Amino acid sequence: MKNIFPAFSEEKWEQVRTHPYYASAVKKITEASEKMLTEEPKRILFSQIHLFAETGDRKIFERVYNDYMMRMHNYFFMYCLRGEEKYLKALADILWNICDFESWSIPAHVQEALTPQLRRENLDLCSCRVGWYMSLILHYLGDKLPDLVVRRAKYELRFRIIESYKKNTYHWMTVTNNWSAVCIAGVLGTYLYEAAEEEIEEQLPRMLETMNCYLKGFDDEGCCLEGYGYWVYGYSHFCFFADMLRNYTDGRINLFEDPKVRAIAHFQENITINETQCINFSDCSQHFYPCEWLTHFLKSVYPDLTLAFSPECPEYEGVVYEILWSNPALADSHLAPKSFMFKNNQWYIYRSAAYNMACKAGHNSEPHNHNDVGSFIISKNGKVTYGDPGGGEYTRQYFSGERYTILEPSSRAHSVPIIGGEYQVTGKKKSTVYCAEEGHYAYSMENAYSIPSLTSLKREFVCEADRIILTDTYDFTEAPASVVERFVSNTMPEITSEGVRCGDTLLVFDPAAADVQIGSECRIRGGKEAAPLYFTDLTVKNPQEKMEIRVEFR
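Residues numbered from 1 in each chain as written. Predicted model: local features only at pLDDT ≥ 70, side-chain atom pairs only at ≥ 80, totals over all residues. Heavy atoms only, no water.

## Focus on the pairing of strand 7 (residues 433-437)
Strand direction decides the pairing type here: strand 7 and strand 8 (residues 440-444), joined by 4 bridges, are antiparallel. Each bridged residue has a counterpart across the sheet, and for A436 the counterpart in strand 8 is Y441. Joining the antiparallel neighbours strand 7 and strand 8 is a turn of 2 residues, in which G439 adopts a positive phi near 85 degrees. (Pairing = 2+ DSSP bridges. Helix = DSSP H or I, 4+ residues; strand = E, 2+ residues; numbered from the N terminus.)

Put into structure tokens, the structure is as follows:
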């Protein structure tokens, strides 16, 4: 067959073996693999599968499941790197065990009520990736693995992926988020390695329709409302898909030529807030580790991309592309981000020598939605002070009607007002933007609240050389019972004679207009209290029908 993964070459593997850039990553993978060889993988139990239905817990099952996946990845990597028989033998065992799985999907993605056959052939984020990666392994090592293992793996791939995709439809085939990209990349990879050419040609238009749905989730500015982690997850799989397809068709189908695809490639550099943290609206981690291997690949496609990386290869997370797409020649490059506006999705990023700031308008029915219209992030001296909570712990409840009772997605965890004791609500009514120019942003927030007496709420940021001025202007039909201006941080604030000190940022307000209180609420992880979020609450004295609240961040 055609070489659909040209980075997989003996020349590249020799570079991985010998170049100092890869030394740390190779050492970690080797140590992890050697440890795995001494430990038997745990059995997957029904009680672990059933736990999601019983309590909503995902972690216990997924910890065991992911161990199998990492063993498969590591043993494949190590055999390609070293050619030692012990890794090939362990790989054969783990492939055999994965073929035994009742379903390649995780419990959160496949209903227990489905028939055993439908559960076995269910296609989701996980099963599609298993199929693709197993196909990749069989392509490169099939002549070295035991014949029975190869025949059984091919049988499972045919039943679980190839035939299942032909005859079934799944919700992800038409969604506009990372699901469509991840799943269809796995399906295409499996087809290219395992299906007949006529099967590929027959199903390819359908696959392209699904990937087009993924791209529809972005506007022409390339903003990923799901956040950076989901950008990496979805867009990397788009790149796997597009690169495989480009190579398979000898360049006849080249999705990278689409201007929107180019814009999406720049999302990473546009949402950095400092060297280690990014804009983390929605279910996104604040901690930012630029995806080096993906950016190295994108740099080969789009030379104008900018980079910011360490001089050694990053953590390997279990896809051989992560190593083979990385390029030592691009190491130790530096990012030079500028102020940027995602006008359609209403994200505004301002950068200066003194601080960086990002704010958002939008609406409260976005992908991985948080009720956070008006939220903002401030970074000073390389550290976020007032910021966004990011995602909460993924449980069944987190993606149910109980979502906004949980801290992180609710507006009580964001730097937005609390009016008459009421928090923001979900809804698709988008903000009106009054001003969007570098250093001056103003937009409406009243649509984020279900308060009939609130006719207008305008939030305005003015960014000056050494300070940010935030002004909230309220218009009610009758005076509210209370208004609290809330500012959220991961760092404990301190009330001083000058204002409220949070890290290197000083919040200055008029004490004649508002009282200040410091509060906190703990995040919940694994049913236990974890690191708290801190709240600086300015309670307005004598709230009026029309009023303006002004604060400064210095």
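Structure's up, so let's keep going.
## A few points about the sheet that holds strand 6 (residues 418-419)
Spatially, the 4 strands line up as an open sheet ordered 6-11-16-15, and their pairing is antiparallel. Since the sheet does not close on itself, it has two edges, and those belong to strand 6 and strand 15 (514-525), each with one partner. Direction of pairing for strand 15 relative to strand 16 (residues 528-540): antiparallel, over a ladder of 11 bridges. When the bridges of strand 16 are listed, I524 appears paired with E529.

## Regarding the pairing of strand 8
Taken across its 5 residues, strand 8 has 4 buried, putting it largely inside the fold. Bridge analysis of strand 8 against strand 9 (residues 454-463) gives 5 bridges, and the strand direction is antiparallel. When the sheet's bridge partners are listed, Y441 is paired in strand 9 with F461. (Buried < 20%, exposed > 50% of the residue type's maximum accessible area, 1.4 Å probe, protein only.)

## Quick notes on helix 4 (residues 59-82)
In an α-helix, one turn spans 3.6 residues, which is why side chains three or four residues apart end up on the same side. Look at helix 4: 33 Å from first C-alpha to last across 24 residues, which is about the 34 Å you get at 1.5 Å a residue. Within helix 4, 17 of the 24 residues are buried, which leaves it mostly tucked inside the rest of the structure. A positive phi of about 70 degrees marks G83, the residue just after helix 4. (Expected span 1.5 Å × (residues − 1).)

## A look at the packing of aromatic side chains
Counted according to the given criterion, the structure contains 47 aromatic pairs. Between F240 and W325, the aromatic rings sit 5.3 Å apart at their centres with planes inclined by 40 degrees, giving tilted as the arrangement. Placement of F240 in helix 11 (residues 228-248) and of W325 in the loop between helix 15 (321-324) and strand 1 (340-342) is noted, with a sequence separation of 85 residues between them. We note that F240, like W325, is buried. (Phe/Tyr/Trp six-rings, centres within 6.5 Å; stacked < 30°, edge-to-face > 60°.)

## Digging into the environment of E393
With respect to the element layout, E393 can be found in the loop between strand 5 (383-384) and strand 6. Judged by relative accessible area, E393 falls into the buried class, the value being 15%. A sequence separation of 15 residues divides E393 from E408, and the C-alpha atoms of the two residues are 8.9 Å apart. Those residues within four positions of E393 in sequence are excluded, and the remaining contacts are K59, Y398, I524, R525, G526 and G527. (Contact = heavy atoms within 4.5 Å.)

## Observations regarding the pattern of salt bridges
Inspection of every chain in the model, using the stated rule, returns 37 salt bridges. Put simply, E102 and R119 hold a salt bridge, and the shortest N to O gap is 2.6 Å. Of the two residues, E102 sits in the loop between helix 5 (85-100) and helix 6 (116-120) while R119 sits in helix 6, which places them 17 residues apart along the sequence. When salt bridges that share partners are traced, they join E464, R467, R550, E552 and R554 into one network. (Salt bridge = Lys/Arg side-chain N within 4 Å of Asp/Glu carboxyl O.)

## Things to note about the packing of helix 3 (residues 46-55) against helix 4
Their axes nearest at 8 Å, the elements helix 3 and helix 4 cross at an angle of 135 degrees. Judged on the interaxial angle alone, helix 4 and helix 3 are oblique. Remark: the crossing between helix 3 and helix 4 carries left-handed chirality. Seen from helix 3, the contacting residues are Q48, I49 and L51; seen from helix 4, they are I60, F61 and V64. Classifying every residue of the contact of helix 3 with helix 4 by side-chain character gives 5 nonpolar, 1 polar and no charged. (Axes fitted to C-alpha atoms, helices over the stretch in contact; angles between N-to-C directions. Parallel < 35°, antiparallel > 145°, perpendicular 65-115°, else oblique. Left-handed = near helix turned anticlockwise from the far one by under 90°. Nonpolar A, V, L, I, M, F, W, Y, C, P; charged D, E, K, R; others polar.)

Remember, this is a structural readout, not a statement about activity or role.
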